[in-house]
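Inside the fold
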Amino acid sequence: QLQLVESGGGLVQPGGSLRLSCVVSAPGFDTYAIGWFRQAPGKEREGVSIISVSTGSTNYADSVKGRFAISRDNAQNMVYLQMNSLKPEDTAVYYCAACVHRFCVMEDEDDFSSWGQGTQVTVSS
């Protein structure tokens, strides 16, 4: 079973930036994709972004396109989520998760078998 640990959350003003990090404890990084998800109070968890480990291809939720950027460093088993132009509606607990299937869809949480504990992001003035 993979372990994932997020970090980098905190309090930021609207328009500010944060970078979240996720380290994956897998000797061979034997995953096909890493996704970032978030869950705000009273709302369902939603997919934010996903990146292919092998190709680096990415997808983003419409709500974050143009503001967030996902990247990975396979040598360090790290995945990042750079969040710019943050809005109050971005406030949520952010999770990273690993998918071990050939095809991974961030809209389908069942594709992701391992999850981090989450890191809180609060966007407020």
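Our subject is the structure listed above.
Scope of this entry: the structure provided in the associated data block. (Residues numbered from 1 in each chain as written. Predicted model: local features only at pLDDT ≥ 70, side-chain atom pairs only at ≥ 80, totals over all residues. Heavy atoms only, no water.)

1. Comments concerning the side chain of Asp-111
Its location among the elements puts Asp-111 in the loop between β9 (92-99) and β10 (112-115). Buried and without a salt bridge, Asp-111 has Arg-45 as its closest oppositely charged side chain, separated by 13 Å. In this structure, Asp-111 is in contact with Ala-98, Cys-99, Val-100, His-101, Phe-103, Cys-104 and Val-105, ignoring residues within four places of it in sequence. (Helix = DSSP H or I, 4+ residues; strand = E, 2+ residues; numbered from the N terminus. Buried < 20%, exposed > 50% of the residue type's maximum accessible area, 1.4 Å probe, protein only. Lys, Arg positive; Asp, Glu negative; His and termini not counted. Salt bridge = Lys/Arg side-chain N within 4 Å of Asp/Glu carboxyl O. Contact = heavy atoms within 4.5 Å.)

2. Some points on the packing of aromatic side chains
Under the criterion given, the structure shown has four aromatic pairs. Where Phe-37 meets Trp-115, the ring centres are 4.7 Å apart and the plane angle is 50 degrees; that geometry is what we call tilted. In this pair, Phe-37 is assigned in strand β4 (residues 33-39) and Trp-115 in strand β10, connecting sequence segments 78 residues apart. Put simply, the rings of Phe-37, Tyr-95, Phe-112 and Trp-115 pair up and form one aromatic cluster. Across the ring face of Tyr-95, the terminal group of Arg-45 is positioned such that the distance to the ring centre comes to 4.6 Å. One Lys or Arg, Arg-45, reaches over the ring of Trp-115 and ends 4.1 Å from the middle of that ring. (Phe/Tyr/Trp six-rings, centres within 6.5 Å; stacked < 30°, edge-to-face > 60°. Lys NZ or Arg CZ within 6 Å of the ring centre and 35° of its normal.)

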